Amino acid sequence: MNSFTYSPPTAVDAAVRERINRPDSAYIGGGTNLIDLMKENVAHPTHLIGLKKLPLAEIENLPDGGLRLGAMATNADTAWHPEVEKRYPLLNQAILAGATPQLRNMATNGGNLMQRTRCYYFYDLATPCNKREPGTGCSAIGGYNRIHAILGASEQCIATHPSDMCVALAALEAVVRVSSPQGERSISFANFHRLPGDRPELDNTLRPGELITALDLPKKGFAKNFTYLKLRDRSSYAFAVVSVAAALELDGDIITDARLALGGVAHKPWRKAEAEQLLIGKPATLVTFRQAAAELLAGAEGHAHNAFKIELAKRAIVRALKQATEMDYVLDTNAFQNSNP
Amino acid sequence: MSQTIANPPVVRLGTDYIGKPTSRVDGTAKVTGAAKYAAEYNVPNLLYGVVVCSHITKGRITKIHAADVLAVPGVVQVFSHENVPSLAWFDHNYKDDVAPGGSPFRPLHEPEIRFNMQPVALVVADTFELARYAASILEIEYEVEPHETDLEKKRDDGYEPGRGKSGWMPPPPPRGNPNQAYRKAPHQHEAEYIHLAQHHNPMEMFATTVEWLGDGQKLNIFDKTQGAYNVQQYITKIFGLSKEEARVITKYTGGGFGSGLRPQYQAFMAVLAALELKQSVRVSLTRQQMFSFGHRPHTLQYVKLAADDNGTLQALHHSALAETSQFEDFTENVVNWSGMLYQCENVKLKYQLAKADVFSPLDMRAPGAATGSYALEVAMDELAYKAGIDPLQFRLLNYADRDQNADKPFSSKKLRECYHQGAAKFGWDKRNPKPRSMRKNGKLVGYGMATGVWDATQKKAAAKACFTADGRLTVSSASNDIGTGTYTIMTQIAAQTLGLPLEAVTFVLGDTNLPEAPVQGGSWTAASVGSAVEAVCQDLGKSLLKLAQKMDDSPLKGVDFEDVQFVNGLIRRNDDIQQSVVIRDVLQANGEKELTAESGAAPDMMKQMGYSMHAHNAVFVEVQVDEELGTLHVTRVVNAVAAGRILNPKTARSQVLGSIVWGIGMALMEETIMDHGFGRFMNHNLAEYHIPVMADIHDLQVVFVEEEDEIVNPLGVKGIGEVGLLGVAAAISNAAFHATGKRVRDLPVLINKLM
Amino acid sequence: MSQLAQPTLGRAPVALAPTQPLTLRINGENRTLNVAPWTTLLDALREYLDLTGTKKGCDHGQCGACTVLVNGKRINSCLSLAVMQESEDITTIEGIGTAEELHPLQQAFIDHDAFQCGYCTPGQICSAVALLKEGRGKTEAEVRDLMSGNLCRCGAYTNILSAVMEVVNAQKA
């Protein structure tokens, strides 16, 4: 770990100014990912700007009926917030499917968006990695790539974004609010994370110095028909092999609105309007679900160790949609609700 | 003690502790955080060392840019092969008690790189953070050579090891005519079974705190190890120290599972730095570095089995090819068990190694047997289906009443009772034999079973007992408690042998100033140290009796040791239990402050040589599989174990529960993935090397089958730390097949293999 | 692999941040220590304050052995900097109970043999103390999941669950 200085400003504009003035600095929220990366020498800022004293921990209703999640509210406080539990249970489920109670107590909402890939090669300084050191090559392509991307990857990088929370936020079409010396702006969730392309070192579209201040959830929470389904290599405390956020609105048997997002498969939570359009206006049947699944996975490409994820993701989508509609659903999901591997 | 109370009165005695569920005597220290582990001795003026590991697999170091690092204020030294002083030259100085054949790896000895993550430097600084930082900026240049780390590429390079480590037995010669018998039999099965490397990953990372006590003085070496004496002899031989100069202390060990059998390199480095810098030094490994030394080796196994229409085994072939390092022949008994577990006249066993550019593998819980029993027991299941016989019935039909490998009877073997009691508790009779026939809550349900055998071993051990006038007994031996319950069972044995309340007895371990005990491994501690503790307490009891007989009006005058019993704080006559002396009065009455005895125990070779001595188990597993998604849950496990006398059912049950959890890990998630392009383990952390979490664990039940054995040792114990693991991974694999009809022959059974 | 460039390993030294006095409130007492920002809360406890009951099992938030309570909430102390915890109320295993006065969970861990080597135990107990406060783990299935942030390599989970459920149920009653 590098040596660094630390300061905890109390105002957003001060924090942002400090970040701009110190190019080698980094913001630190809960620290659960950054300190890990610093211990691995993947990240080596010389100055940390602590965000914990900023007034960004509130969760409050918005005038338009939405909900604002402060960037510094913890994942735990967010998941268990009465408004989130009641109106956005998909988000509650996704957050609780990730990490552990300890980590969720530390990790912040802004930090969750900023967490970096779990790619073995990215984390290991002994191996080349374009994301860590642009131009050195991608070791995962042709290496061990069970946890890598099947969608939206490039020849430069096949890393995945590891978050569960972000998969739900993508489905819910949250809006990311950021501050910079130039003022505030909003970024739609779909545009926040990016695909690796030929700049795999960039995980997102933040401009230099920008600070996430809040996540705004639109009014529509899909609180009735939703599922977050996470498949992983052990029953808890493991990153997703594949995860699905499914949210529907139903009028009788007819789907009137639909959101589908995948985790564990791409450099960002994976959505596709065409897949959701295949659901909307159609009866909630397995046939419809399979069509949507096929569309969402269209163009998926596997590598030596992760090709199975293509079929697994399709099946997981169908299952998640089945669960969301509670259609003929006989599996005892409650028995392992929190421990589905 | 069986002699002491040969004819005890019928009433249960208050100081009879053996066989009673007893809470750990070190429990309070562990739940309050007071128990101190190796990295927790905060001695004054402590320096911190951080290890730098190679990121190449083969080649040599051409330059170490130490000067840049030494220029950082607070950095004290960078140790590497360039500046390590002349140390012992011969291989035997580097051989520890558990070393396999070959030439042990010498840390910081030469520029050659022989495996990835080879420790190449130790950076020592005033604080841990500074040492960690300095280590991270140390630049090392290498000349890289091509490597080969993949056992799959070495299939044709297998050789039969001629030199193993102690305890390793080459496979017995073939018996009968296995090839012909196989060809003639109506039911045949052959298949390959594979698992990759697995790592022990005890929760406590390896660490050594060396306390520098002054020039010409002594080192106190607080080390994480499973054998204090083993570390001491290693350190003294390498550094030319006397035993007095290198005291090794290990009061608590945060898990071992075999990883601490051999001295690890941080112990060498911490001692080196302390001697060179004449200051106290602590070296702790990182979790990543916990993947830089021994592991359960990647092993390829081939099993061929055949049976006749009655279900009688006609032929058994079992061969294994395992990786080892370029410098040592790590050997474990993988295939031998297959010639012993079932009655079979035609057997051929083969065990080979292949050299790869990896570090030497290392014994990992039930070494060899966990590997071998997995392949054999899945193969047995496969053949049972082919022969149309229930897998349990198939095993009962081929039950071995005699060890055919050694051509000896078993000293005791209650495996049949394990099968019966385990099956009854599990409800095996409710199994529909047809695969894919059982369902629950929309999931496929599978029942599977398997079995295992493990050595019952006793090693030589010594112990000391000291009884003081305040009525307290302290018994000591340089054994370990890696979580096995040594502190507790030794206290129970000592208390019962001398008839004292548990609270009056303290057992001390983990210190080379104490009488020698073997490394804690092989499930032999209870038998070995337990026998020594019993022996030394009996010796002390004899002295106590003599003193008691000197007391005025002693009712014990003239009686022999065999004619008295030590119970409830009294020495009393067998023939009239009202005639007694209070033990704690004995020293005071004689004006003595303390009474000590030193003694030991060794296996009774004459008694044992005619027998094959083993513990056995039978495991029954229920799984539920969501076939569409490939997810599998182990919903129920019954593990029936026959391991001789159970000294403490409470701690012994925990050992078996832990073994089941290990089996679940082995079956479903554990594998260390090497990128052979780099020759480097890539999932070298606990986020990606998955071990089970609580959510993976459901209904686990342990059955101890009563088993008396007067041959293995006077206590009749066989050891319980490893046998419980055997068969678990196979039973889960077999249950997965019963549930799904899919046979997975390479561990672990991940989502993608079942969907 | 040969076509890939060698990654950069050595880095130029940077100026070292000075140590500064820091006061932490631990187990109800103010403790002052001199550390630089790079000292984690875990290392501050173990290496600077001799509070070694909190364990280092991975140093990367992947095992839970370092669990302590901050303002009553469980966190991984290895992933927090000591400077980030100034003025917070920190509770370690040493503040949960003493040998003379064990916390009911500590007693339950002993009674149920909920540990073997003991190394994950302080973290397990701190985690369970927080679980009780959170008031969410009521059933065995919930407790299994909500205690999954604490690895136990000895595999004592069955007994840990029994110990925690005993106290959970006693609290319900």
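Residues numbered from 1 in each chain as written. Chains lettered and ligands numbered in written order. Predicted model: local features only at pLDDT ≥ 70, side-chain atom pairs only at ≥ 80, totals over all residues. Heavy atoms only, no water.

Colleague: Any chance you could break down the overall build of chain A for me, citing the residues and the numbers?
Modeller: Each helix and strand in chain A was counted, giving 13 helices and 11 strands. Relative to a compact globule of 341 residues, whose C-alpha radius of gyration would be 20 Å, chain A shows 20 Å and is just as compact. A principal-axis box enclosing the C-alpha atoms of chain A has dimensions of 60 × 50 × 35 Å. Counting all 341 residues of chain A, 66% fall into the buried class. Sequence separation of 24 or more characterises 64% of the internal contacts of chain A that already satisfy a separation of 6 or more. Total accessible area on chain A stands at roughly 11,700 Å², and carbon and sulfur atoms take up 49% of it. (Helix = DSSP H or I, 4+ residues; strand = E, 2+ residues; numbered from the N terminus. Rg over C-alpha atoms; globule rule 2.2 N^0.38 Å. Buried < 20%, exposed > 50% of the residue type's maximum accessible area, 1.4 Å probe, protein only. Contact = heavy atoms within 4.5 Å. Areas by Shrake-Rupley, 256 points an atom, 1.4 Å probe, with all protein chains shown as cover.)

Colleague: With reference to specific residues and values, describe the domain arrangement of chain A.
Modeller: Looking at the assigned domains, one finds that chain A contains domain 1 (5-53) and domain 2 (225-326). Using only C-alpha atoms to locate each centre, domain 1 of chain A and domain 2 of chain A end up separated by 36 Å. (Domains from an automatic or database assignment.)

Colleague: So what's going on with helix 3 (residues 121-134) of chain C? Which residues, and what values?
Modeller: Its 14 residues give helix 3 of chain C an end-to-end C-alpha distance of 20 Å, which sits within 8% of 20 Å, the value for a rise of 1.5 Å per residue. Among all positions of helix 3 of chain C, only Thr 121, Pro 122, Gly 123, Gln 124, Ile 125, Cys 126, Ser 127, Ala 128, Val 129, Ala 130, Leu 131 and Leu 132 of chain C are buried. (Expected span 1.5 Å × (residues − 1).)

Colleague: Which residues make up the interface of chain C and chain B, and what values do they have?
Modeller: Contacts between the two partners involve 62 residues from chain C and, on the opposite side, 70 residues from chain B. Between chain C and chain B, a total of about 5,400 Å² is buried, with carbon and sulfur atoms accounting for 58% of that surface. Between chain C and chain B we count 7 salt bridges in total. Elements that contribute at least two residues to the side of chain C that touches chain B include exactly helix 1 (41-48), helix 2 (104-111), helix 3, helix 4 (140-146) and helix 5 (157-172) of chain C. The element best represented in the side of chain C that touches chain B is helix 5 of chain C, accounting for 5 residues. Broken down by class, the residue content of the side of chain C that touches chain B amounts to 29 nonpolar, 19 polar and 14 charged. (Buried area = accessible area lost by both parts, 1.4 Å probe. Salt bridge = Lys/Arg side-chain N within 4 Å of Asp/Glu carboxyl O. Nonpolar A, V, L, I, M, F, W, Y, C, P; charged D, E, K, R; others polar.)

Colleague: I'd love a proper account of the packing of helix 3 of chain C against helix 5 of chain C, names of residues and values included.
Modeller: All names here are of chain C. Relative to each other, helix 3 and helix 5 sit at 30°, their axes nearing to 11 Å. With respect to helix 5, the element helix 3 is oriented roughly parallel. Considering how the two elements wind past one another, helix 3 and helix 5 form a crossing that is right-handed. Between helix 3, through Gln 124, Ala 128, Leu 131 and Leu 132, and helix 5, the contact on the second element is made entirely by Ile 160, Val 164, Val 167, Val 168 and Gln 171. A per-class count over the contact of helix 3 with helix 5 returns 7 nonpolar, 2 polar and no charged. (Axes fitted to C-alpha atoms, helices over the stretch in contact; angles between N-to-C directions. Parallel < 35°, antiparallel > 145°, perpendicular 65-115°, else oblique. Left-handed = near helix turned anticlockwise from the far one by under 90°.)

Colleague: Can you explain the interface of chain A and chain C? Please cite residues and give values.
Modeller: In this complex, chain A contributes 46 residues to the contact, which on the side of chain C involves 42 residues. Taking both partners together, chain A and chain C bury about 3,700 Å²; carbon and sulfur atoms supply 57% of that area. For chain A, the biggest contributors to the area lost against chain C are Lys 39, Gln 102 and Tyr 237 of chain A; these three give 18% of the whole. Counting across the chain A and chain C interface gives 3 salt bridges. Across the pair Asp 59 of chain C and Lys 39 of chain A runs a salt bridge whose closest N-O atoms are separated by 2.8 Å. Listed by contribution, the elements that provide at least two residues to the side of chain A that touches chain C are strand 1 (5-7), helix 2 (34-39) and helix 6 (101-106) of chain A. If you tally residues by element for the side of chain A that touches chain C, the top one is helix 6 of chain A, at 6 residues. Within the side of chain A that touches chain C, the residues separate by chemical class into 16 nonpolar, 19 polar and 11 charged.

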